[in-house]
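The primary structure of each chain is shown beneath.
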Amino acid sequence: MAELRFTKDHEWIRLEGDIATVGITDHAQNALGDVVFVDLPEAGREVTEGESVAVVESVKAASDVYAPVAGKVAESNAALSENPGLINSDPTGQGWFFKLEGVDAAAVAGLMDEAGYAAFVESAA
Amino acid sequence: MAESDSALLETPLASLHRELGGRMVPFAGYAMPVQYPAGIMQEHLHCRAAASLFDVSHMGQAELVGEGAAKALEALTPADVQGLKPGRQRYGLLMTMAGGIFDDFMVANLGDRLFLVVNASRKEQDLALIGAALPAGVSLRPLPDRALIALQGPQAVASIATLAPGIADLSFMGIGAFEIAGVPAIVSRSGYTGEDGVEISVPAESAEKFARALLALPGVQPAGLGARDSLRLEAGLCLYGNDIDETTSPVEANLVWTIGKRRRTEWNFAGAERVRQELDTGARRLRVGIRPEGRQPARGHTEVHAGGQKVGEVTSGGFGPSVNGPVAMGYVAREHAADGTPLDLMVRGKPLAARVAPLPFTPHRYAR
């Protein structure tokens with residue numbers, strides 16, 4: 001499985017072949033608390049890097065989820081409407097948000113790796 | 001929140017909160033636990049099922065003593081304070097001269113004095129307002145050296161009664177002095193969750209020892225401000241600054257029940273003119289419960305539309321763990337305030353279908 005890359009907004013992205021999967025990090029889900037609702041993008045939507053693409057609602061607050069890189073939404077995770085708690089229980093697995101196609105592999109590679117993200121979280125604490 | 005972290009005040013339980021893994025956030029100038037490791041959802045559900053301990057020491061406590069104290073307070077509130085019997089507590093509103101709500105508060109008759117609990121965010125203003133209204137011989141004593149701890153939930157009274165059996169004899173809004181685990185305490189059977197339970201005022205220096213004694217009781221878990229907020233929202237209880245403020249009147253806020261019967265013949269409280277007029281002709285807007293359809297919450301400040309027109313605003317909204325769905329309250333124009341009226345909540349530019357719903361969302365379970 002390809003390695004994860006990370007943004008300063010606490011999204012992760014995993015590029016496998018032509019498809020990049022995006023979600024929020026374990027740190028982010030822990031900070032949000034129990035997720036109760038997600039608003040996900042329609043397939044076919046063109047998104048730019050840093051664009052607000054999804055919304056995640058916990059018991060206490062709503063937060064935007066941004067596109068880590070530009071691309072076209074290929075699919076959103078339908079399982080989250082029924083079971084948004086997957087974002088808490090398995091944030092980098094079954095709790096994925098959406099998949100992007102047509103992304104620039106170099107843009108993904110330019111994001112933080114796991115060690116870089118861990119250092120970023122540490123410095124922000 | 002304007003305060004920087006370094007300027008935040010702490011309650012006497014601050015180190016206990018950190019020991020318990022509380023996530024501290026700024027609230028009304030204090031560093032307070034928004035949640036513990038269990039999380040808001042579990043803390044909320046635990047309170048409805050067993051017993052939860054909340055630190056509410058940030059709230060303001062004070063005593064009013066002297067001949068005529070109750071009469072003096074009645075100049076500021078439409079509550080019946082003079083008719084409050086010893087050992088009884090009452091919820092009331094402090095009023096502005098223009099008929100808005102200056103704060104909401106609890107007043108109790110402790111026999112030789114009145115005992116007041118006011119909101120953390122308003123305590124300085126409240127004490128100044130009350131202090132300025134007192135005649136000679138009546139004095140206001142702030143109690144900054146007391147902590148306030150709430151124990152709430154269906155098992156709360158049975159649990160604490162193992163330490164002080166007399167507490168079980170209090171009925172809802174009863175209050176009395178007890179010694180609990182060696183600590184002198186003022187206990188009232190009241191709270192802010194819709195559940196049975198007590199709020200306990202203890203000396204600050206004994207607060208940590210006291211809280212540890214409660215946490216050692218079977219079924220008691222700590223709960224933070226996050227669960228406190230979702231519990232009170234499901235119970236339909238107002239949060240000052242969100243659901244009521246100086247612009248909202250008691251009639252608009254659906255808090256007419258806090259106005260004493262005698263007070264409605266005297267009309268001698270601050271802001272009485274507006275209240276009287278709105279009772280006669282009806283308020284233009286009313287506070288109502290709102291149930292969004294589906295799972296998506298609508299938060300405070302969400303615009304409420306009907307027929308394409310703005311008819312109001314959500315003042316508190318979120319997810320109700322016991323309701324297992326989104327819940328909200330807010331103000332709507334009177335013609336849209338009947339239970340079942342369809343509304344559109346404008347969430348991120350899109351209409352979210354909702355209906356006016358009766359409050360509370362979860363039935364109160366007070367020991368009446």
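Procedures and definitions
- Residues numbered from 1 in each chain as written.
- Chains lettered and ligands numbered in written order.
- Predicted model: local features only at pLDDT ≥ 70, side-chain atom pairs only at ≥ 80, totals over all residues.
- Heavy atoms only, no water.
- UniProt positions renumbered as here; feature names shortened; annotations may be inferred.
- Helix = DSSP H or I, 4+ residues; strand = E, 2+ residues; numbered from the N terminus.
- Contact = heavy atoms within 4.5 Å.
- Buried area = accessible area lost by both parts, 1.4 Å probe.
- Salt bridge = Lys/Arg side-chain N within 4 Å of Asp/Glu carboxyl O.
- Polar contact = N/O pair within 3.5 Å; in protein donor to acceptor, adjacent residues only side chain to side chain.
- Buried < 20%, exposed > 50% of the residue type's maximum accessible area, 1.4 Å probe, protein only.
- Pairing = 2+ DSSP bridges.
- Axes fitted to C-alpha atoms, helices over the stretch in contact; angles between N-to-C directions.
- Phe/Tyr/Trp six-rings, centres within 6.5 Å; stacked < 30°, edge-to-face > 60°.
- Lys NZ or Arg CZ within 6 Å of the ring centre and 35° of its normal.
- 1 Å grid on protein atoms, 1.4 Å probe; cavity = no way out; pocket = protein on both sides within 12 Å on 5 of 7 lines; lining within 4 Å.
- Points joined across faces, edges and corners; volume = space filled by probe spheres on them.
- Nonpolar A, V, L, I, M, F, W, Y, C, P; charged D, E, K, R; others polar.
- Parallel < 35°, antiparallel > 145°, perpendicular 65-115°, else oblique.
- Left-handed = near helix turned anticlockwise from the far one by under 90°.

1. Brief notes about the UniProt feature "binding site: substrate" (unreviewed entry) in chain B
Residues and elements named next belong to chain B.
Part 1: Here, the residues flagged by UniProt with the feature "binding site: substrate" (unreviewed entry) are E199.
Part 2: Relative to the elements of secondary structure, E199 occurs in strand β12 (residues 197-203).
Part 3: Each residue touching E199, except ones within four places of it in the same chain, is listed here: L148, I149, A150, Q152, I186, V187, S188, S190, G191, Y192 and R228.

2. Details of the interface of chain A and chain B
Part 1: Counting from both sides, the interface comprises 13 residues of chain A and, opposite them, 14 residues of chain B.
Part 2: A buried area of about 1200 Å², summed over both sides, lies between chain A and chain B, and 51% of it is on carbon and sulfur atoms.
Part 3: For the interface between chain A and chain B, the tally reads three salt bridges.
Part 4: For the salt bridge of R299(B) with E57(A), the shortest nitrogen-to-oxygen distance reads 2.6 Å.
Part 5: The interface formed by chain A and chain B contains eight residue pairs in polar contact (both at pLDDT 80 or more).
Part 6: Among the elements of the structure, α1 (26-32), β4 (35-39) and β6 (52-58) of chain A are those that each provide at least two residues to the side of chain A that touches chain B.

3. A closer look at the pairing of β6(A)
Along any regular strand, the residues point their side chains to alternate faces of the sheet.
Residues and elements named next belong to chain A.
Part 1: With six of its seven residues buried, β6 lies for the most part within the structure.
Part 2: As paired strands, β4 and β6 are joined by four bridges and run antiparallel to one another. Along β6, the bridge assignment pairs F37 with E57.
Part 3: When β6 meets strand β7 (residues 62-66), the two strands line up antiparallel, connected through five bridges.

4. Things to note about the UniProt feature "modified residue: N6-lipoyllysine" (unreviewed entry) in chain A
Part 1: Cross-referencing UniProt, the feature "modified residue: N6-lipoyllysine" (unreviewed entry) maps to K60(A) in the present numbering.
Part 2: Its place among the elements puts K60(A) in the loop between β6 and β7.
Part 3: Relative accessible area serves as the criterion here: at 35%, K60(A) is assigned to the partly exposed category.
Part 4: Contact partners of K60(A), with chain neighbours within four places excluded, come to A31(A), L32(A), R23(B), V34(B), Q35(B), I40(B) and R299(B).

5. Quick look at the sheet that holds β6(A)
All names here are of chain A.
Part 1: Pairing within the open sheet is antiparallel, and its three strands lie in the order β4-β6-β7. Both outer strands of the open sheet, β4 and β7, are each paired with one neighbouring strand and no more. With strand direction ignored, the average angle separating the axes of adjacent strands in the sheet is 25 degrees.

6. A look at the sheet that holds strand β9 (residues 146-152) of chain B
All names here are of chain B.
Part 1: Strand order across the open sheet formed by six strands is β10-β11-β12-β9-β3-β13, with mixed pairing between neighbours. Only two strands of the sheet have a single neighbouring strand rather than two, namely β10 (175-180) and β13 (220-222). Across the sheet, the axes of successive neighbouring strands diverge by a mean angle of 30 degrees, strand direction being ignored.
Part 2: Here helix α2 (residues 40-49) sits on the sheet in contact with β3 (51-55), β9 and β13, set at roughly 120 degrees to β3.

7. Remarks on the UniProt feature "domain: Lipoyl-binding" (unreviewed entry) in chain A
Part 1: As annotated in UniProt, the feature "domain: Lipoyl-binding" (unreviewed entry) corresponds to residues 19-101 of chain A in the numbering used here.
Part 2: Secondary structure across residues 19-101 of chain A comprises 18% helix and 42% strand; the distance between its end C-alpha atoms is 5 Å.

8. A closer look at the packing of aromatic side chains
Part 1: Tallied over the entire structure, the rule returns five aromatic pairs over all chains.
Part 2: Here F172(B) and Y366(B) contribute two aromatic rings whose centre-to-centre distance is 4.0 Å and whose plane-to-plane angle is 10 degrees, an arrangement assigned as stacked. Of this pair, F172(B) sits in the loop between α5 (156-160) and β10 while Y366(B) sits in the segment after β19 (350-357), placing them 194 residues apart in sequence.
Part 3: Ring centres of W267(B) and F269(B) lie 6.2 Å apart, and the angle between their planes is 40 degrees; on these two criteria the pair is classed as tilted.
Part 4: With relative accessibility at 5%, the residue F269(B) sits in the buried group.
Part 5: One aromatic cluster in this structure is built from F6(A), Y117(A) and F120(A).
Part 6: One Lys or Arg, K99(A), reaches over the ring of W96(A) and ends 4.7 Å from the middle of that ring.

9. Quick word on the pattern of salt bridges
Residue and element names in this part refer to chain B.
Part 1: All told, the structure shown has 27 salt bridges over all chains when counted by the stated rule.
Part 2: A salt bridge links D112 to R113; the shortest N-O distance between them is 2.9 Å.
Part 3: Relative accessible area serves as the criterion here: at 55%, D112 is assigned to the exposed category.
Part 4: Here the residues in one salt-bridge network are E74, D80, R262, R263 and E266, joined through shared partners.

10. Describing empty space enclosed by the protein
All names here are of chain B.
Part 1: As enumerated under the stated definition, the model contains two cavities of 30 Å³ or more in all.
Part 2: Lining the largest cavity are Q89, M106, F115, V117, L148, I175, I186, S188, S190, E199, I200 and S201.
Part 3: Every element with two or more residues in the lining of the largest cavity is listed here: β7 (114-118), β11 (183-188) and β12.
Part 4: Here the lining of the largest cavity gets three residues from one element, more than from any other, and that element is β12.
Part 5: Roughly 30 Å³ of volume is contained in the second largest cavity.
Part 6: P33, F54, D55, V56, A223, G224, L225 and R228 together form the lining of the second largest cavity.
Part 7: Among the secondary structure elements, those contributing two or more residues to the lining of the second largest cavity are β3 and α7 (225-234).
Part 8: Residue composition of the lining of the second largest cavity, grouped by class: five nonpolar, one polar and two charged.

11. Notes on the packing of α2(B) against α7(B)
Residues and elements named next belong to chain B.
Part 1: Where α2 contacts α7, the axes come no closer than 8 Å and their chain directions differ by 55 degrees. In terms of orientation, α2 lies oblique with respect to α7. Relative to α7, α2 is oriented so that their crossing is right-handed. In this structure, α2 uses I40, E43, H44, C47 and R48 to contact α7, whose residues at the interface are G226, A227, S230, L231 and E234.
Part 2: In terms of residue class, the contact of α2 with α7 is made up of four nonpolar, three polar and three charged.

12. Side note on unusual backbone geometry
Residue and element names in this part refer to chain B.
Part 1: For the bond running from L359 to P360, omega is 0 degrees, close enough to zero to count as cis.
Part 2: As for its position among the elements, P360 is in the segment after β19.
Part 3: Its identity as a non-glycine residue notwithstanding, N324 has a phi of 60 degrees, on the positive side.
Part 4: Here N324 shows up in the loop between β16 (309-320) and β17 (325-333).

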